[in-house]
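# Overview (structure and organization)
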Amino acid sequence: MQPLRRLIVLLEGRQEVVPEDELPQLGPIRPEDVEIALKNTRPSAHLHAHRYKKLNADYGSEILQCRYSIRNDLLMVK
């Protein structure tokens, strides 16, 4: 995202229309770009927790617990 933001800043600073063949190139992703992205990214699953609960209630989506044993390198589910 940061390379795109740097490009937008360059283009917004110009008053004239830039011909397509003269557009600046999108720069490389730098290590600090990744650090900024990680710092600014937040998990969003909690925003949809009510949907997951409804899905579980409607369709029984849940982790099933089972007992198992290993015999002769085979997984035996009981």
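Everything below is about the structure printed above this text.
Residues numbered from 1 in each chain as written. Predicted model: local features only at pLDDT ≥ 70, side-chain atom pairs only at ≥ 80, totals over all residues. Heavy atoms only, no water.

### Focus: the overall build of the chain
- Across its full length, the chain carries three helices and two strands.
- The secondary structure elements of the chain, listed N-terminal to C-terminal, are α-α-α-β-β.
- Each of the 78 residues in the chain was classed as buried or not, and the buried ones make up 8%.
- Counted over contacts in the chain with a minimum sequence separation of 6, partners at least 24 positions apart contribute 24%. (Helix = DSSP H or I, 4+ residues; strand = E, 2+ residues; numbered from the N terminus. Buried < 20%, exposed > 50% of the residue type's maximum accessible area, 1.4 Å probe, protein only. Contact = heavy atoms within 4.5 Å.)

### Considerations on helix α3 (residues 49-59)
- Among the eleven residues that make up α3, zero are buried, leaving the element largely open to the surroundings.
- At the exit of α3 stands Gly-60, carrying a positive phi of roughly 70 degrees.

### Some words on the pattern of salt bridges
- As enumerated under the stated definition, the model contains three salt bridges in all.
- Two residues, Arg-6 and Asp-33, come together in a salt bridge whose shortest N-O distance is 2.9 Å. Residue Arg-6 is found in helix α1 (residues 2-12), and its partner Asp-33 is found in helix α2 (residues 31-40); the two are separated by 27 residues along the sequence.
- Between Asp-58 and Lys-54 there is a salt bridge, with the nearest N and O atoms lying 2.6 Å from each other. A residue pair is termed a helical-turn pair when its members lie 3 or 4 positions apart in one helix, as Asp-58 and Lys-54 do in helix α3 at four residues. (Salt bridge = Lys/Arg side-chain N within 4 Å of Asp/Glu carboxyl O.)

### Some points on the side chain of Asp-33
- Judged by relative accessible area, Asp-33 falls into the buried class, the value being 5%.
- A polar side-chain atom of Asp-33 sits 2.9 Å from a polar atom in the side chain of Arg-6.
- At 2.8 Å, the side chain of Asp-33 forms a polar contact with the backbone nitrogen of Arg-30.
- Beyond its immediate stretch of four places on either side in the chain, Asp-33 contacts Gln-2, Pro-3, Arg-6 and Pro-28. (Polar contact = N/O pair within 3.5 Å; in protein donor to acceptor, adjacent residues only side chain to side chain.)

### Notes on α1
- When we look at burial in α1, the residues that qualify are Gln-2, Pro-3 and Leu-7. With its buried residues spanning 145 degrees around the axis, α1 presents them on a single face. Along α1, the residues that are exposed and aim more than 90 degrees away from the buried face are Val-9 and Glu-12. (Arc of directions from axis to C-beta.)

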